[in-house]
Amino acid sequence: MMALGLVRTVVTLAALAATALSAAAQTPGTLAKIKERGKLLAGVKLDTPPFGSLDDKNEPAGFDIDLVRKIGARIGVPVELVKVTSATRIPLLVSHNVDLVAASMTHTRERDKVIDFSITYYTGGQSLMVPKASTVTGIKDLGGKQVAVQQGTTLEKNIAAAAPGAKVVAFRDYNAAWLALAQGRADAFTGSLNVLQGFLKDNPNFKIVGDLFSVEPFGVGVRQGDSELRDEINFAIQDLWTSGEYAALYRKWFNADPTVPIEVWP
């Protein structure tokens with residue numbers, strides 16, 4: 001009787017396992033859902049020029065936005081842009097409100113525990129912006145100075161480590177941090193170099209000083225296990241590089257040629 005009971009248990013477990021595998025096989029992945037839906041939901045930031053912001057016509061524009069449109073074109077669907085912030089980009093992704101996030105997001109080990117990332121599509125570094133009359137020439141001069149930074153980012157951690165004597169003041173987004181500097185409520189404003197250059201473009205009374213003091217590898221975020229979608233993103237980025245389109249987009253938004261090559265698989 002015990003042997004018969006054991007056999008029945010084994011058969012039942014095998015049946016349950018087969019049912020689970022069948023259900024998993026029938027559950028479409030994110031890429032299939034995107035194609036079925038007929039559009040790609042892309043989380044992007046609109047407060048971080050030149051990666052993502054509103055242009056003169058109040059339309060979203062930027063390097064990240066052009067990138068996700070190229071990804072959508074590869075998949076064969078239009079892109080619906082969904083506004084995210086540094087605080088909401090990962091929660092909106094894991095809760096399935098967006099399919100991917102391209103939002104000037106640094107690929108870190110901590111974030112990699114929660115989501116997956118594409119290959120690095122942009123490599124930058126952190127710098128400082130100050131008023132033109134400022135005597136600050138780099139992070140060594142920040143002792144006792146108030147430094148505005150975006151809250152909850154690698155930028156905040158980097159400046160605290162690089163300038164422990166500074167008074168780091170965190171703001172909800174890049175625009176708020178920039179306004180603190182522009183209105184004289186902060187002595188310096190820190191962020192990714194190309195983002196600072198985006199703010200500097202229309203504000204000639206400020207300057208960027210010092211050397212870069214971090215390395216920021218940006219990746220497109222997807223949910224853990226979304227390997228099919230991640231592959232499509234990776235192939236899109238690699239194809240943009242090999243075709244020369246990546247360099248054209250880079251020059252369009254950063255007024256320079258890319259200095260760090262994109263990883264291309266054989």
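Residues numbered from 1 in each chain as written. Predicted model: local features only at pLDDT ≥ 70, side-chain atom pairs only at ≥ 80, totals over all residues. Heavy atoms only, no water.

### Quick notes on helix H2 (residues 30–37)
What H2 keeps buried is the set Thr30, Leu31 and Ile34. Burial along H2 is one-sided: seen end-on, the buried residues are contained in an arc of 105°. Of the surrounding elements, those touching the buried residues of H2 are strand S1 (40–44), helix H3 (63–75), strand S15 (221–223) and helix H9 (227–243). Gly38 occupies a position one or two residues after H2 and carries a positive phi of about 90°. (Buried < 20%, exposed > 50% of the residue type's maximum accessible area, 1.4 Å probe, protein only. Helix = DSSP H or I, 4+ residues; strand = E, 2+ residues; numbered from the N terminus. Arc of directions from axis to C-beta. Contact = heavy atoms within 4.5 Å.)

### Focus: unusual backbone geometry
For the bond running from Pro49 to Pro50, omega is 0°, close enough to zero to count as cis. Although it is not a glycine, Asn58 sits at a positive phi angle of roughly 65°. When you line up the elements, Asn58 lands in the loop between strand S3 (52–54) and strand S4 (60–61). Its identity is not glycine, yet Asn255 carries a phi of approximately 55°, on the positive side. Its place among the elements puts Asn255 in the segment after helix H10 (245–254).

### Topic: the nonpolar core
With 48 residues, the main nonpolar core has Phe63, Leu100, Tyr122 and Phe189 as its most contacted residues. Elements supplying a minimum of two residues to this core: H2, S1, H3, strand S10 (146–150), helix H7 (174–182), helix H8 (193–200), H9 and H10. For Leu100, the contacting residues outside a window of four places in its chain are Leu40, Leu41, Ala42, Gly43, Val68, Ile71, Leu93, Val220, Gly221, Val222 and Ile233. Judged by nonpolar contacts, the second largest core, of 11 residues, contains Leu142, Ile159, Ala166 and Ala188. (Core = buried A, V, L, I, M, F, W, Y, C linked by side-chain atoms within 4.5 Å.)

### Re a negative patch on the surface
On the surface, Asp55, Asp56, Glu59 and Asp202 cluster together into a patch of negative charge. Within the secondary structure, Glu59 is located in the loop between S3 and S4. (Patch = residues over 30% accessible without salt bridge, like charges linked within 9 Å, V, L, I, M, F, W, Y side chains within 5 Å. Areas by Shrake-Rupley, 256 points an atom, 1.4 Å probe, with all protein chains shown as cover. Salt bridge = Lys/Arg side-chain N within 4 Å of Asp/Glu carboxyl O. Lys, Arg positive; Asp, Glu negative; His and termini not counted. Charge placed at Lys NZ, Arg CZ, Asp CG, Glu CD.)

### Looking at the pairing of S1
Taken across its five residues, S1 has five buried, putting it largely inside the fold. On S1, burial covers both faces: Leu40, Ala42 and Val44 on one face and Leu41 and Gly43 on the other are all buried. Looking at chain direction, S1 and strand S5 (residues 79–83) are connected through five bridges and run parallel. Paired with Leu40 across the two strands is Val79, which belongs to S5. (Pairing = 2+ DSSP bridges.)

### Some words on the side chain of Arg89
Tracing the chain through its elements places Arg89 in helix H4 (residues 89–94). Among buried Asp, Glu, Lys and Arg side chains, Arg89 stands out as unpaired, with Asp64 the closest opposite charge at 7.6 Å. Setting aside its immediate chain neighbours within four residues, Arg89 contacts Lys45, Val84, Val101, Ala103, Ser104, Met105 and Arg111.

### Focus on the environment of Ala73
Here Ala73 shows up in helix H3. Along the chain, Ala73 and Leu40 lie 33 residues apart, while their C-alpha atoms are 9.7 Å from each other.

### Focus: the confidence of the model for the chain
On average, residues of the chain carry a pLDDT of 91, and 90% of them reach 70 or more. The low-confidence segment residues 1–7 (pLDDT under 50) makes zero contacts with residues lying over four places distant or belonging to another chain. Low confidence marks residues 9–26, where pLDDT is under 50. Its contacts with residues over four positions away, or in another chain, come to zero contacts. (pLDDT = per-residue confidence, 0-100.)

### Observations concerning the environment of Ala162
Its place among the elements puts Ala162 in helix H6 (residues 154–162). Sequence separation between Ala162 and Ile139 is 23 residues; the distance between their C-alpha atoms is 7.1 Å. With residues near it in sequence (within four places) discarded, Ala162 still touches Ile139 and Phe213.

### Looking at the sheet that holds strand S13 (residues 206–209)
Taken together, the five strands give an open sheet; going across it, the order is S11-S10-S12-S9-S13, and neighbouring strands pair in mixed fashion. Pairing within the sheet leaves two strands with one partner each, and these edge strands are strand S11 (167–171) and S13. On average, each strand axis in the sheet is inclined to that of its neighbour by 30°, with strand direction left out of account. Two strands pair when backbone bridges link them, and S10 and strand S12 (residues 188–192) are joined in this way by two bridges, in the parallel orientation. The residue of S12 that forms the bridge with Ala148 is Phe189. Those strands touched by H8 are strand S9 (126–131), S12 and S13, and its axis lies near 125° from that of S12. (Axes fitted to C-alpha atoms, helices over the stretch in contact; angles between N-to-C directions.)

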